[in-house]
Amino acid sequence: MIKNIRLAYSMLSPSLLWLLLFLVVPIVMVTVISFTTSEGYGGIIYEFSTHAYETAFLSSMYLKVIWNSIVWAFSATVICLLLAYPFAYFIAHAGKWKNLLILLVMIPFWTNLLVRLYAWIILLNGEGVINHFLQNIGLISEPLTLMYTPYAVILGMVYGFLPFMILPIYSSIEQLDKTYLEAAEDLGANPVKTFFTVTIPLTLPGILAGFIITFVPAVSVFVVTDLLTGSKLVMVGNVIRDAFLIEMNWQLGSALSILLMILVLLSVFIFMKFTSSKDKKFLI
């Protein structure tokens, strides 16, 4: 028994070492810096101070940016879920076309996100393809303001992170035990009821995984707002980047990073609790 435990720990040691060096240690360093005193221009005085957190909490600007970031990221994640689930369901039942469709989902990862977002600038700007098309067919008389809006930010996040939602949901549907569906059909459940009472609860792990790996990077992304709003709108990722690189206020950047991490974990926890309670209702 002891030998098996040692073998297990020895096999896990590379992963544990990687997590320790590149996850735990950086988080501890950022946490420590957030409670230090600023010397200006990136200088750190290792004296305990809560000034950075007071600035983050008492400033309505930072609270508004964090709130907008969570709302926009959550909206984009929900839209990704609504788009990804039927597409993942279709892929799982596509037969011989399954591998080709998975390949099409993976293709966007072959191109840098910056390049793909520049393509959306060409589509969305006032003289872009979409406005020209709508004007040519007579639907609008003057160009629409498609860029520099929260809708452009949400669109950019959906476009960038949709594959993150599709793949775990597809995997969950692919591994679904079909005997449960047959049992529901034998008991008189119609396809719609079977979908909501059997398929969704059993594929909930894929939904949760897709939600987490989509929401977490979306809430902290900054390149989308930089390109699609010209930095006229900012998310908390932009503020943290500027705090470190432009303002050279490492304490504020660290405090906002820790605050964002706590809020993201809290949001994910609430979502998981909500979905687990809904799952129990479905099963009842």
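The name an unreviewed UniProt entry gives the chain is ABC transporter permease subunit, with Aquibacillus halophilus as the organism. Turning to the chain, the UniProt record has this under Subcellular location (unreviewed entry): "Cell membrane". Taken verbatim from the UniProt record of the chain, the Sequence similarities (unreviewed entry) comment is "Belongs to the binding-protein-dependent transport system permease family. CysTW subfamily."

**Let's talk about the overall build of the chain**
Helix and strand counts for the chain stand at 13 helices and two strands. C-alpha extents for the chain along the principal axes are approximately 75 × 70 × 35 Å. Here the chain holds 284 residues, and the buried ones make up 37% of them. Partitioning the intrachain contacts of the chain with sequence separation of at least 6 by distance along the chain shows that 67% fall at a separation of at least 24. For the chain, the computed accessible surface area is about 17200 Å², with 72% contributed by carbon and sulfur atoms. Taking the average place of the 14 positive charges on the side chains of the chain and the average place of its 14 negative ones, the gap between the two points comes to 10 Å.

**Structural notes on helix 9 (residues 191-202)**
Taken together, the buried positions of helix 9 are Thr 194, Val 198, Thr 199, Ile 200 and Pro 201. With a side-chain oxygen positioned 3.2 Å from the backbone nitrogen of Val 192, the residue opening helix 9 is Asn 190.

**Points about the packing of aromatic side chains**
Applying the stated criterion across every chain, the model contains twelve aromatic pairs. Grouping aromatic residues by their ring pairs yields a cluster made of Tyr 85, Tyr 89, Phe 195 and Phe 196. In this arrangement the basic side chain of Lys 232 is found over the ring face of Tyr 148, its NZ or CZ atom lying 4.5 Å from the centre.

**Digging into the UniProt feature "domain: ABC transmembrane type-1" (unreviewed entry) in the chain**
As annotated by UniProt and renumbered to match this structure, "domain: ABC transmembrane type-1" (unreviewed entry) occupies residues 66-271. Across residues 66-271, helical content stands at 76% and strand content at 0%; the span's end C-alpha atoms are separated by 18 Å.

**Focus: the UniProt feature "transmembrane region" (unreviewed entry) in the chain**
Here the UniProt-annotated "transmembrane region" (unreviewed entry) positions come out as residues 12-35, 65-88, 100-123, 148-170, 202-228 and 248-272. Taken end to end, residues 202-228 is 89% helix and 0% strand, and its first and last C-alpha atoms sit 38 Å apart.

**Thoughts on the nonpolar core**
Counting 58 residues, the largest nonpolar core has Met 157, Phe 215, Val 224 and Leu 256 as its most contacted members. At the level of secondary structure, the elements contributing two or more residues to this core comprise helix 3 (60-92), helix 4 (98-106), helix 5 (113-124), helix 7 (150-174), helix 10 (204-220), helix 11 (223-228), helix 12 (236-245) and helix 13 (250-283). The dominant element in this core, judged by the number of residues it contributes, is helix 3, at 13 residues. If near-sequence neighbours (up to four positions away) are discounted, Leu 256 is found in contact with Ala 56, Tyr 62, Ile 66, Val 239 and Ile 240.

Conventions used here
Residues numbered from 1 in each chain as written. Predicted model: local features only at pLDDT ≥ 70, side-chain atom pairs only at ≥ 80, totals over all residues. Heavy atoms only, no water. UniProt positions renumbered as here; feature names shortened; annotations may be inferred. Helix = DSSP H or I, 4+ residues; strand = E, 2+ residues; numbered from the N terminus. Buried < 20%, exposed > 50% of the residue type's maximum accessible area, 1.4 Å probe, protein only. Contact = heavy atoms within 4.5 Å. Areas by Shrake-Rupley, 256 points an atom, 1.4 Å probe, with all protein chains shown as cover. Lys, Arg positive; Asp, Glu negative; His and termini not counted. Charge placed at Lys NZ, Arg CZ, Asp CG, Glu CD. Polar contact = N/O pair within 3.5 Å; in protein donor to acceptor, adjacent residues only side chain to side chain. Phe/Tyr/Trp six-rings, centres within 6.5 Å; stacked < 30°, edge-to-face > 60°. Lys NZ or Arg CZ within 6 Å of the ring centre and 35° of its normal. Core = buried A, V, L, I, M, F, W, Y, C linked by side-chain atoms within 4.5 Å.

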